[in-house]
Amino acid sequence: MSSILPRAVVIGSDHAGFALKEEIRAFIASKFASIQVEDVGCYTAERVDYPTFGKLVGTKVSKEVTEPMPSTLGIVVCGSGIGISIAANKVEGVRCALCHDHYTGKMSRMHNNANVLALGGRTTGVDVAKEIVEAFLTTGFEGGRHGDRIAMLGKDSSC
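Thresholds, definitions, all that
- Residues numbered from 1 in each chain as written.
- Predicted model: local features only at pLDDT ≥ 70, side-chain atom pairs only at ≥ 80, totals over all residues.
- Heavy atoms only, no water.
- Helix = DSSP H or I, 4+ residues; strand = E, 2+ residues; numbered from the N terminus.
- Buried < 20%, exposed > 50% of the residue type's maximum accessible area, 1.4 Å probe, protein only.
- Phe/Tyr/Trp six-rings, centres within 6.5 Å; stacked < 30°, edge-to-face > 60°.
- Pairing = 2+ DSSP bridges.
- 1 Å grid on protein atoms, 1.4 Å probe; cavity = no way out; pocket = protein on both sides within 12 Å on 5 of 7 lines; lining within 4 Å.
- Points joined across faces, edges and corners; volume = space filled by probe spheres on them.
- Nonpolar A, V, L, I, M, F, W, Y, C, P; charged D, E, K, R; others polar.
- Right-handed = clockwise from strand over helix to strand, strands pointing away.

Enquirer: Describe the environment of glycine 125, and please don't skip the residues or the numbers.
Expert: Checked against the element boundaries, glycine 125 lands in the loop between β5 (116-120) and α5 (126-138). Overall, glycine 125 belongs to the partly exposed group, its relative accessible area being 40%. The spatial distance from the C-alpha of glycine 125 to the C-alpha of histidine 100 is 9.6 Å, given a sequence separation of 25 residues.

Enquirer: Lay out the packing of aromatic side chains with the relevant residues and their values.
Expert: Scanning the entire structure with this criterion turns up 1 aromatic pair. Between phenylalanine 27 and phenylalanine 32, the ring centres sit 6.2 Å apart and the planes meet at 85°, which makes this aromatic pair edge-to-face. Accessibility classification places phenylalanine 27 together with phenylalanine 32 in one group, the buried group.

Enquirer: Describe the pairing of strand β1 (residues 8-13), with residues and values.
Expert: In terms of burial, β1 is a largely internal element, 6 of the 6 residues being buried. Burial along β1 is two-sided: the face carrying Ala8, Val10 and Gly12 and the face carrying Val9, Ile11 and Ser13 are both buried. In the sheet, β1 pairs with strand β2 (residues 36-39) via 4 bridges, with the strands oriented parallel. Directly across from valine 10, in β2, lies its bridge partner glutamate 38. Direction of pairing for β1 relative to strand β3 (residues 72-78): parallel, over a ladder of 6 bridges. Within β3, the position partnered with valine 9 by the bridge is leucine 73.

Enquirer: Outline the layout of surface pockets, supporting the account with residue identities and numerical values.
Expert: Computed from the structure, the largest pocket encloses a volume of approximately 310 Å³. Taken together, 13 residues line the largest pocket, and the ones lying closest to its centre are Gly93, Val94, Arg95, Ile150 and Leu153. Among the residues forming the lining of the largest pocket, the class breakdown is 6 nonpolar, 4 polar and 3 charged.

Enquirer: Lay out the environment of histidine 100 in plain terms, naming residues and giving numbers.
Expert: Secondary-structure assignment places histidine 100 in the loop between β4 (96-98) and α4 (102-110). Between the C-alpha atoms of histidine 100 and glutamate 131, which are 31 residues apart in sequence, the distance is 9.9 Å.

Enquirer: Before we move on, can you summarise the pairing of β5 with the specific residues and values?
Expert: Burial analysis of β5 places 5 of its 5 residues in the buried class, the great majority of the element. Neither face of β5 is open: one carries Val116, Ala118 and Gly120, the other Leu117 and Leu119, and all of them are buried. Where β3 lies against β5, 5 bridges are found, and the strand directions are parallel. When the sheet's bridge partners are listed, glycine 74 is paired in β5 with valine 116. Taken together, the 3 bridges between β4 and β5 define a ladder with parallel strand orientation. By the bridge assignment, cysteine 96 is partnered in β5 with valine 116. Once you follow β4 into α4 and on to β5, the crossover reads as right-handed.

What follows is the structure, given as structure tokens:
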């Protein structure tokens with residue numbers, strides 16, 4: 001299992017996730033200075049549609065897929081985290097995980113090799129979100145049997 005940090009994080013949100021996205025962006029910049037953060041929006045709390053930002057982040061991340069730690073990871077935030085995670089998962093090559101605590105943040109990388117993290121701006125407190133983000137960014141993929149399971153999720157799979 002690797003603990004190598006990603007080179008970059010692409011982050012995006014809708015209006016309901018804007019405030020938490022801003023907190024996360026500042027947290028990454030202060031705690032992980034070596035990680036380049038690309039903010040694809042939104043840039044205000046005015047109403048926007050989460051599918052736009054889930055797709056933007058997912059598209060950028062899917063172009064950077066490498067193992068065991070992708071060079072670019074993504075973070076998406078909407079009100080609950082559900083809608084934007086669905087939108088991100090529509091992009092081929094994206095494995096977006098909606099996480100609620102440190103454990104799910106860590107396991108999403110370790111066992112599921114998630115390359116995008118989804119959070120709920122209305123359901124996740126700032127301190128908990130920071131714990132999740134840190135776990136997500138510092139945990140590598142374990143591989144082995146988990147790699148076999150992820151292969152079963154490929155586009156030609158029947159599941």
